[in-house]
Amino acid sequence: MRDVKRLSIQDRLGLNVFELDKEAHITVDNELCRDCQLKPCLHSCPAKLYEFEEEVHFNYEGCLECGTCFIVCHQMGNKGVNWSYPRGGFGVYYRYG
Amino acid sequence: MVCFICFQGLISLADFDAIVVGAGIAGLSSGYVMASAGLNILVVERGKVPGSKNVTGGRIYTHAIEKFTPELMEDLPFEREIVKERISFLTDESATTLEFSGKTEGRSYTVIREKLDGWLAGKVEEKGGIVASGVRVDDLIREEDTTGICAGDDEITARAVIIADGVNSPLGKKAGLRDDFKAEELAVGVKEVIKLGEEEINRRFQVDSKEGVANLMVGSPTDGLPGGGFLYTNLETISLGIVANVKEIASHGSDLDELLSGLKEHPYVRPLINGGTTVEYSAHMIPEGGIRAIPKLVGEGYLLTGDAAGFCLNTGFTVRGMDFAFASGVLAAQTIIKCSEKNDFSLKSLALYEQLLESEFVLKDLRKFEKAPIFLSSSRIYSLYPDLVNVMVKKIFDIKGEQETLCKQIREAIKEADVSTFTLMKDLWKGSRIL
Ligand SMILES: Cc1cc2nc3c(=O)[nH]c(=O)nc-3n(C[C@H](O)[C@H](O)[C@H](O)COP(=O)(O)OP(=O)(O)OC[C@H]3O[C@@H](n4cnc5c(N)ncnc54)[C@H](O)[C@@H]3O)c2cc1C
Ligand code: SF4
Ligand code: SF4
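Residues numbered from 1 in each chain as written. Chains lettered and ligands numbered in written order. Predicted model: local features only at pLDDT ≥ 70, side-chain atom pairs only at ≥ 80, totals over all residues. Heavy atoms only, no water.

Peer 1: Can you lay out the overall build of chain A for me, pointing to particular residues and giving the numbers?
Peer 2: Of regular secondary structure, chain A possesses four helices and six strands. In sequence order, the secondary structure elements of chain A are arranged as α-β-β-α-α-β-β-α-β-β. Projected onto the principal axes, the alpha-carbon positions of chain A cover approximately 50 × 35 × 20 Å. Out of the 97 residues in chain A, the part that is buried amounts to 51%. Put simply, of all contacts in chain A between residues at least 6 apart along the chain, 69% involve residues at least 24 apart. By element, 48% of the accessible surface of chain A is carried by carbon and sulfur atoms, the whole surface being about 5,100 Å². Side chains of chain A give 11 positive and 14 negative charges; the mean places of these two sets differ by 8 Å. (Helix = DSSP H or I, 4+ residues; strand = E, 2+ residues; numbered from the N terminus. Buried < 20%, exposed > 50% of the residue type's maximum accessible area, 1.4 Å probe, protein only. Contact = heavy atoms within 4.5 Å. Areas by Shrake-Rupley, 256 points an atom, 1.4 Å probe, with all protein chains shown as cover. Lys, Arg positive; Asp, Glu negative; His and termini not counted. Charge placed at Lys NZ, Arg CZ, Asp CG, Glu CD.)

Peer 1: With reference to specific residues and values, describe the pattern of salt bridges.
Peer 2: Applying the stated criterion across every chain, the model contains 42 salt bridges over all chains. Here Glu19 of chain A makes a salt bridge to Lys48 of chain B, at a shortest N to O gap of 3.0 Å. Highlighted residues: Glu19 of chain A in strand β1 (residues 17-19) and Lys48 of chain B in the loop between β4 (41-45) and β5 (59-61), drawn from two different chains. Owing to a relative accessible area of 30%, Glu19 of chain A belongs among the partly exposed residues under this scheme. With a closest N to O distance of 2.7 Å, Glu65 of chain A and Arg46 of chain B form a salt bridge. Within this pair, whereas Glu65 of chain A is found in the loop between β4 (55-58) and α4 (68-76), its partner Arg46 of chain B is found in the loop between β4 and β5, the two belonging to separate chains. (Salt bridge = Lys/Arg side-chain N within 4 Å of Asp/Glu carboxyl O.)

Peer 1: Account for the site of ligand 2, with residues named and values stated.
Peer 2: As a structural note, the neighbourhood of ligand 2 is formed by Cys33, Cys36, Lys39, Pro40, Cys41, Val56, Cys73, Asn78, Lys79, Gly80 and Val81 of chain A. Here the residues of the shell around ligand 2 sort into seven nonpolar, two polar and two charged. (Near = heavy atom within 4 Å. Nonpolar A, V, L, I, M, F, W, Y, C, P; charged D, E, K, R; others polar.)

Peer 1: Would you mind going over the interface of chain A and chain B in detail, with residue names and values included?
Peer 2: Contacts between the two partners involve 44 residues from chain A, matched on the other side by 60 residues from chain B. A buried area of about 4,400 Å², summed over both sides, lies between chain A and chain B, and 52% of it is on carbon and sulfur atoms. Counting across the chain A and chain B interface gives 11 salt bridges. Where Lys48 of chain A meets Asp257 of chain B, a salt bridge forms, and the shortest distance between an N and an O atom there is 2.6 Å. Taken together, the connections running from chain A to chain B amount to 32 residue pairs in polar contact (both at pLDDT 80 or more). Grouping the amino acids of the side of chain A that touches chain B by side-chain chemistry returns 23 nonpolar, 11 polar and 10 charged. (Buried area = accessible area lost by both parts, 1.4 Å probe. Polar contact = N/O pair within 3.5 Å; in protein donor to acceptor, adjacent residues only side chain to side chain.)

Peer 1: Can you explain the side chain of Thr423 of chain B? Please cite residues and give values.
Peer 2: All names here are of chain B. Secondary-structure assignment places Thr423 in helix α16 (residues 421-434). Accessibility expressed as a relative area gives 18% for Thr423, which makes it buried. At 2.6 Å, the side chain of Thr423 forms a polar contact with the side chain of Ser420. Beyond its immediate stretch of four places on either side in the chain, Thr423 contacts Arg380 and Tyr385.

Peer 1: If you had to explain the nonpolar core to someone new, which residues and values would you point to?
Peer 2: If you look at soluble globular proteins, the nonpolar side chains tend to sit buried side by side. In this structure, Met34, Ile163, Leu297, Phe311, Ile336 and Tyr353 of chain B are the most contacted members of the largest nonpolar core, which totals 85 residues. Among the elements that line this core, the one with the most residues is helix α9 (residues 322-342) of chain B, at 12 residues. If near-sequence neighbours (up to four positions away) are discounted, Tyr353 of chain B is found in contact with Leu297, Val298, Leu303, Leu304, Thr305, Phe311, Ser328, Leu331, Ala332 and Thr335 of chain B. Residues Tyr94 of chain A together with Val55, Ala183 and Tyr281 of chain B belong to the second largest nonpolar core, which totals 61 residues. (Core = buried A, V, L, I, M, F, W, Y, C linked by side-chain atoms within 4.5 Å.)

Peer 1: Could you give me a rundown of the domain arrangement of chain B, with the residues and numbers involved?
Peer 2: Residue and element names in this part refer to chain B. For chain B, the assigned domains read domain 1 (15-77 + 112-181 + 291-369), domain 2 (184-287) and domain 3 (383-434). Each of domain 1 and domain 2 has a C-alpha centre, and the two are 28 Å apart. On the domain 2 side, the residues contacting the 18 residues of domain 1 number 16 residues. Considering only the side of domain 1, the residues that lose the most area to domain 2 are Val55, Val167 and Phe181, jointly responsible for 35% of the buried surface there. (Domains from an automatic or database assignment.)

Peer 1: Tell me about the pairing of strand β14 (residues 211-219) of chain B, residues and numbers included.
Peer 2: Residues and elements named next belong to chain B. In terms of burial, β14 is a largely internal element, eight of the nine residues being buried. Alignment of strand β6 (residues 81-90) against β14, held across nine bridges, turns out to be parallel. Each bridged residue has a counterpart across the sheet, and for Arg86 the counterpart in β14 is Asn215. (Pairing = 2+ DSSP bridges.)

Peer 1: So what's going on with the site of ligand 1? Residues and values would help.
Peer 2: Lining the immediate surroundings of ligand 1 are 37 residues, of which Glu45, Thr56, Arg59, Arg113 and Asp307 of chain B lie closest. Nearby residues around ligand 1 are contributed by chains A and B. In this structure, Ala26 of chain B approaches ligand 1 through a main-chain N or O atom, which is 2.9 Å from an oxygen atom. Val319 of chain B is positioned with one of its backbone polar atoms (N or O) 3.3 Å from a nitrogen atom of ligand 1. If ligand 1 stood free it would expose 1,000 Å²; the protein chains cover 98% of that surface. For the shell around ligand 1, the secondary structure elements donating two or more residues are α1 (25-36), β4, β15 (227-233), β17 (277-287), β21 (319-320) and α9 of chain B. Here the residues of the shell around ligand 1 sort into 18 nonpolar, 10 polar and nine charged. Two domains each provide a minimum of three residues to the shell around ligand 1, namely domain 1 (15-77 + 112-181 + 291-369) and domain 2 (184-287) of chain B.

Peer 1: For the packing of α1 of chain B against α9 of chain B, give the residues involved together with the corresponding values.
Peer 2: Between two packed helices, what matters for the description is the angle formed by their axes and the separation of those axes. Residues and elements named next belong to chain B. Their axes nearest at 7 Å, the elements α1 and α9 cross at an angle of 35°. Read as a crossing pair, α1 and α9 show a hand that is right-handed. Where α1 abuts α9, its residues Ile25, Ala26, Ser29, Ser30, Val33 and Met34 lie against Met322, Ala325, Phe326, Ser328, Gly329, Val330, Ala333, Ile336 and Ile337. Its residues assigned to classes, the contact of α1 with α9 shows 11 nonpolar, four polar and no charged. (Axes fitted to C-alpha atoms, helices over the stretch in contact; angles between N-to-C directions. Left-handed = near helix turned anticlockwise from the far one by under 90°.)

Encoded structure:
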């Protein structure tokens, strides 16, 4: 029998269905991120969409729409996240949920 | 435009009797009950189809459906009825599991939200309600005695709006009913749905096709942080996930997707999912602040329901949100039906909703377990005690020659775990009173 395969976050997101919008529903203001000590967005996002290389880079495309980044950023970070749900019909499409 | 004449001879121009924002369990149960009573209602959902945005563990306890809408029980799309309850204490290498098997009086079933929510939406439509999917409500409007929603350039009005937009509830905030939940009042869950096949699940979990297992796991799944792992058997798939407190993961720098990978490789879990194929990865938050975190539930023209209102109860051994969502949706609907009969949608009239919630398990249970969120934030539950249980049980079964008495082994285990007997007794006593 096959063993349990270790999935990377890219593997995991690759399994999901997304209806991509041209518009980003979440944006990051690096002016604010600069003064953010903890940067909790980096590891709290279950889809690992926040990366730091000189500044915060964010990719909205694999977003699971959980809202965790908004909470940790606004309550423990420096409010650099501008958050909303994607426009109607766009974003993740859970076939199981 | 639909217009209707009020008893007093006033004319109210509203497109609908009520609009519901969000086609989750709360929104759809309220839509179903109002449409069944002949009200002219609209449910608006941002997902392409109802359910496509929603995530649960999970299993639904069906008592609320049985009580309020028993006819729905006939062909509700369940996966498996839970006949085995397991609670496991996990360390990195070992597991001690408590299992109850047998039928309980109250029933519960595993569900897949895309199926369940889609089916419920169909029931709302059968009763004459309208479900508009793929539409995100952006704002709310309130003018004199009508309330309404804005979606893009469209404005639609109603006598009242039921807000059922889930844990983040952007609209609950717009209505002025609530603020964001605090990070310490929230948990975030990640989950994989793993396909194994019906027969294989029956074999591995020793159940019949319509029967299933619910397994909560505490300890190493969250690396000792408040939260735990869960496993539910669906018909052909397994739902395996981890839930952890948002404040704790943010301050400890933990990484949920790594923890989930770790759980999949745990010697207790691996044989259960081995050879399965992951078909989806999801994430969603859960309001776990209990009664103390409940926001304002009624506003001029608004009622707040389900996760948006914080109606979830985690006692550590049971996790409930869907039965709360269903019941609160029904009670909101009953309130609107009453207001419509009296032709009075004033704040005072809408306040009936709170009375109904108080008279049902929704607020009663949350009140009973008022201290659970604080008790369950104690780190001992997630690291010390799972270790202690495993050390103790291992000692009992570990024969290496000369055997010690049970009493001595327990004393030794407690000593090794470095916990004072006083703390242990205190936690046991407190836990038994609070949970
Ligand atoms: C990992 C996890 C495990 C869980 N396990 C269990 C369990 O085993 N048992 C249990 O009973 N509960 C469990 N729960 C809790 C349960 O899933 C929730 O309590 C329940 O789904 C809440 O239902 P709801 O209708 O209030 O919200 P939701 O199901 O979140 O529905 C909200 C709806 O509103 C829509 N919406 C949001 N904003 C807008 C907008 N602006 N315009 C239009 N539509 C909008 C969303 O798309 C969504 O369809 C679990 C939760 C999680 C995350
Ligand atoms: S938490 Fe917010 S403010 Fe801090 S780095 Fe991340 S996005 Fe920027
Ligand atoms: S909403 Fe969730 S998945 Fe999306 S970016 Fe924020 S934390 Fe990541």
